[in-house]
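Fold and contact review
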Amino acid sequence: MSDTALPVSLDRAAVTPLAVQLADALREAAASGHLRGGDRLPSTRALAGRLGVSRTVTSAAYEQLHAEGWIAGRHGSGTYVTTPPSSSASSVPAPSVPAPEAVSPVLLDLGPGTPWAAGLDRAAWRRAWRAAADPEPLVRAHRAGLPEYRAAVSEHLLRHRGLAAGSVLATGGTTAAVVELAAAVLERGDVVAVEEPGYQRAVQAFLRAGMRVVGVPVDDEGLRPSAIPAGARAVYCSPAHQYPMGSRLSAARRVSLVERARSSGMLVIEDDYDGELRFDVAPLPMLASLAPDVVAHLGTTSKILTPTLGAGWMVAPEAITSAVLAYRDSTGTRPSPAGQRVLHEFARNGDLGRHLRKLRREMAERRTLLAGALSAAGIPVRGDDAGAHLVVPFSSASVEASVIASAERRGIRLDGLARHFAGPPSAHGVAIGYAGCSREALVAALPTLVALLR
């Protein structure tokens with residue numbers, strides 16, 4: 001079948017980007033009936049030659065239309081129109097928002113912080129659980145964690161995060177580790193600086209332990225060390241991919257933060273949220289690598305695998321780990337060894353490394369799909385160079401509330417920024433996660449998302 005003739009003309013003097021003009025023209029042609037379901041489109045290279053534009057323009061337009069469901073590729077055959085012509089519409093400049101009654105009642109959760117559990121190799125997962133059940137039941141729990149688990153975490157940190165961990169302490173996860181640090185290392189009345197907006201579970205852990213919590217503003221370079229109050233005993237931050245704003249702590253601020261910690265005796269609690277995922281950007285040194293003497297590094301399997309394991313880790317100065325172990329001895333608390341055994345078995349045969357490589361590829365593709373669709377529609381995007389969520393900023397709290405409510409009515413859950421502030425919100429928008437759902441569900445939701453956020 002020959003390629004279909006396309007009624008496309010591009011205005012190079014217009015403000016609208018050429019890729020957006022091209023996508024709009026093709027969408028209108030499909031909606032008006034000039035292009036029909038099954039019509040084959042030229043390749044991106046051929047179309048670029050016809051229009052006298054770069055292939056980047058045609059590729060971006062095709063990616064947008066593919067994300068919206070107007071076109072589809074057939075392996076070895078080409079790209080085809082998938083949307084049947086409308087009998088009444090002569091022009092459709094953008095996909096319309098479907099009526100609420102036409103949408104499945106099943107809620108699509110696009111909130112951040114959900115792992116890609118569906119991507120786990122189920123055979124390897126079952127194999128790890130079976131192997132974890134082989135050893136004899138423990139008579140006494142290891143207060144620091146199983147030696148084999150701690151060794152597996154050390155290898156993981158060195159290979160995937162570039163951290164040579166001298167000593168690893170098993171934890172029940174990031175929040176559990178924060179609770180232990182607040183109880184074992186800090187004292188009631190101590191001032192703790194936290195990111196604002198930030199991870200409210202950590203904030204509540206400090207408050208319940210009697211700390212005085214002070215919010216520190218976050219911008220495009222992450223937490224502002226200069227805004228940490230004098231006399232702060234500790235600061236909690238997520239430098240790899242700030243939750244929820246998505247910024248990465250800049251190199252200059254990392255140096256400034258650890259210098260401030262050393263000069264004032266302040267403990268830096270580094271939550272390595274989304275640390276394994278970065279896109280199109282060079283790696284930045286971890287705080288624990290820059291200053292192992294003043295940094296308590298926290299990690300978890302909940303985001304890279306699943307919360308099922310309830311397993312995390314802490315790498316900290318000896319005085320900190322000793323205090324945590326003493327706290328465990330006095331309270332009888334121990335991280336569960338069951339999840340530790342499974343993680344060890346999952347890592348022992350290379351399954352953890354294979355999963356992380358697959359995770360990075362999948363999240364990179366989803367990020368390109370989502371960010372590309374939003375950007376092509378002129379929707380600003382932030383925090384998409386790392387992690388598994390991005391942020392779309394809004395101008396006001398009313399816009400944020402309206403968009404979230406409209407999305408909910410259409411079966412999509414979006415996470416507003418307002419709930420991540422301990423005080424009055426100073427920024428507005430939504431954080432959109434793309435790990436917890438299937439890729440097919442994400443693609444299907446894109447036309448509605450674009451229409452809502454536009």
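See the structure above.
Computed from a predicted structure; not experimentally measured.

1. Here's the deal with helix H12 (residues 351–376)
In an α-helix, one turn spans 3.6 residues, which is why side chains three or four residues apart end up on the same side. With 26 residues, H12 extends 37 Å between its outermost C-alpha atoms, agreeing within 8% with the 38 Å of an ideal straight helix rising 1.5 Å per residue. Phi turns positive, to about 80°, at Gly378, one or two residues after H12.

2. Remarks on the nonpolar core
In terms of nonpolar packing, the biggest core is built from 79 residues, with Leu257, Ile432 and Leu453 touching the most fellow members. Sequence-distant contacts of Leu257, defined by excluding residues within four places in its chain, comprise Leu223, Pro225, Ile228, Val235, Cys237, Leu249, Met266, Val268 and Leu287. Counting residues in hydrophobic clusters, the runner-up holds 26 residues, among them Ala182, Val203, Leu267 and Ala316.

3. Here we look at the pairing of strand E10 (residues 267–271)
Burial within E10 is extensive, with five of its five residues counted as buried. Residues of E10 alternate between two faces, with Leu267, Ile269 and Asp271 on one and Val268 and Glu270 on the opposite face, all of them buried. Direction of pairing for strand E9 (residues 234–237) relative to E10: parallel, over a ladder of four bridges. The partner of Cys237 across the bridge, within E10, is Glu270. The handedness of the E9 to E10 crossover, carried by helix H8 (residues 251–264), is right-handed. Strand direction decides the pairing type here: E10 and strand E11 (residues 295–300), joined by four bridges, are parallel. Its bridge partner being in E11, Val268 is matched across the sheet by Val295.

4. With respect to the pattern of salt bridges
Should the charged atoms of two oppositely charged side chains come close, the side chains can pair. By the definition in use, this model includes 16 salt bridges. The residue Asp293 makes a salt bridge to Arg262 at a minimum N-O spacing of 2.9 Å. Of the two residues, Asp293 sits in the loop between helix H9 (287–290) and E11 while Arg262 sits in helix H8, which places them 31 residues apart along the sequence. For Asp293, a relative accessible area of 43% puts it in the partly exposed group. Among the ionic pairs, Arg439 bridges to Glu365, the shortest N-O distance being 2.4 Å. Of this pair, Arg439 sits in helix H14 (residues 439–453) while Glu365 sits in helix H12, and the two are 74 residues apart along the sequence.

5. Quick look at unusual backbone geometry
Cis rather than trans, the peptide bond between Glu196 and Pro197 has omega equal to 5°. Here Pro197 is to be found in the loop between strand E6 (191–196) and helix H7 (200–208). A positive phi angle, close to 60°, is found at Asp274, a residue other than glycine. Within the secondary structure, Asp274 is located in the loop between E10 and H9.

6. Digging into the side chain of Ser247
By secondary structure assignment, the location of Ser247 is in the loop between E9 and H8. What makes Ser247 buried here is its relative accessible area of 8%. In this structure the side chain of Ser247 is engaged in a polar contact, spanning 3.1 Å, whose partner is the backbone oxygen of Asp219. Look past the residues within four positions of Ser247 in its chain and what remains in contact with it is Val218, Asp219, Asp220, Gly222, Pro239, His241 and Gln242.

7. Section: the packing of aromatic side chains
Following the criterion strictly, the structure yields five aromatic pairs and no others. Taken together, a centroid distance of 5.7 Å and an interplanar angle of 85° make the contact between Trp125 and Phe346 edge-to-face. Placement of Trp125 in helix H4 (residues 122–132) and of Phe346 in helix H11 (residues 337–348) is noted, with a sequence separation of 221 residues between them. A single burial state applies to Trp125 and to Phe346, both of which are buried. The interplanar angle of 75° and the centroid separation of 5.1 Å between the aromatic rings of Tyr243 and Tyr273 together place this pair among those described as edge-to-face.

8. Observations concerning the pairing of strand E13 (residues 389–394)
For E13, the buried fraction is high: five of the six residues fall into the buried class. Of the pairings in the sheet, the one linking E13 to strand E16 (residues 428–433) comprises six bridges and is antiparallel in character. Of the residues in E16, the one forming a bridge with Val392 is Val430.

9. Overview of H8
Taking 1.5 Å per residue, 14 residues should reach 20 Å; H8 reaches 20 Å between its end C-alpha atoms and fits that length. Looking at the buried positions of H8, the neighbouring elements they touch are strand E7 (212–219), strand E8 (222–223), E9, E10 and H9. Immediately downstream of H8, the backbone of Gly265 shows phi near 70°, a positive value.

10. Some points on the sheet that holds E11
Taken together, eight strands build an open sheet; the order of strands is E5-E12-E11-E10-E9-E6-E7-E8 and the sheet is mixed. The open sheet has two edge strands with one neighbour each: strand E5 (169–171) and E8. Pairing analysis gives two bridges linking E7 to E8, with the strands arranged antiparallel. Across the sheet, the residue bridging to Val218 is Leu223, located in E8. Contacts from helix H5 (residues 147–161) reach E5, E11 and strand E12 (312–315) within the one sheet, and its direction differs from that of E12 by about 70°.

11. Considering the sheet that holds E13
Taken together, the three strands give an open sheet; going across it, the order is E13-E16-E15, and neighbouring strands pair in antiparallel fashion. Looking at which strands have only one partner, the edges of the open sheet turn out to be E13 and strand E15 (415–416). H12 rests against E13 and E16 of the sheet, and its axis sits at about 20° to E13.

Cut-offs used in this document
Residues numbered from 1 in each chain as written. Predicted model: local features only at pLDDT ≥ 70, side-chain atom pairs only at ≥ 80, totals over all residues. Heavy atoms only, no water. Helix = DSSP H or I, 4+ residues; strand = E, 2+ residues; numbered from the N terminus. Expected span 1.5 Å × (residues − 1). Core = buried A, V, L, I, M, F, W, Y, C linked by side-chain atoms within 4.5 Å. Buried < 20%, exposed > 50% of the residue type's maximum accessible area, 1.4 Å probe, protein only. Contact = heavy atoms within 4.5 Å. Pairing = 2+ DSSP bridges. Right-handed = clockwise from strand over helix to strand, strands pointing away. Salt bridge = Lys/Arg side-chain N within 4 Å of Asp/Glu carboxyl O. Polar contact = N/O pair within 3.5 Å; in protein donor to acceptor, adjacent residues only side chain to side chain. Phe/Tyr/Trp six-rings, centres within 6.5 Å; stacked < 30°, edge-to-face > 60°. Axes fitted to C-alpha atoms, helices over the stretch in contact; angles between N-to-C directions.

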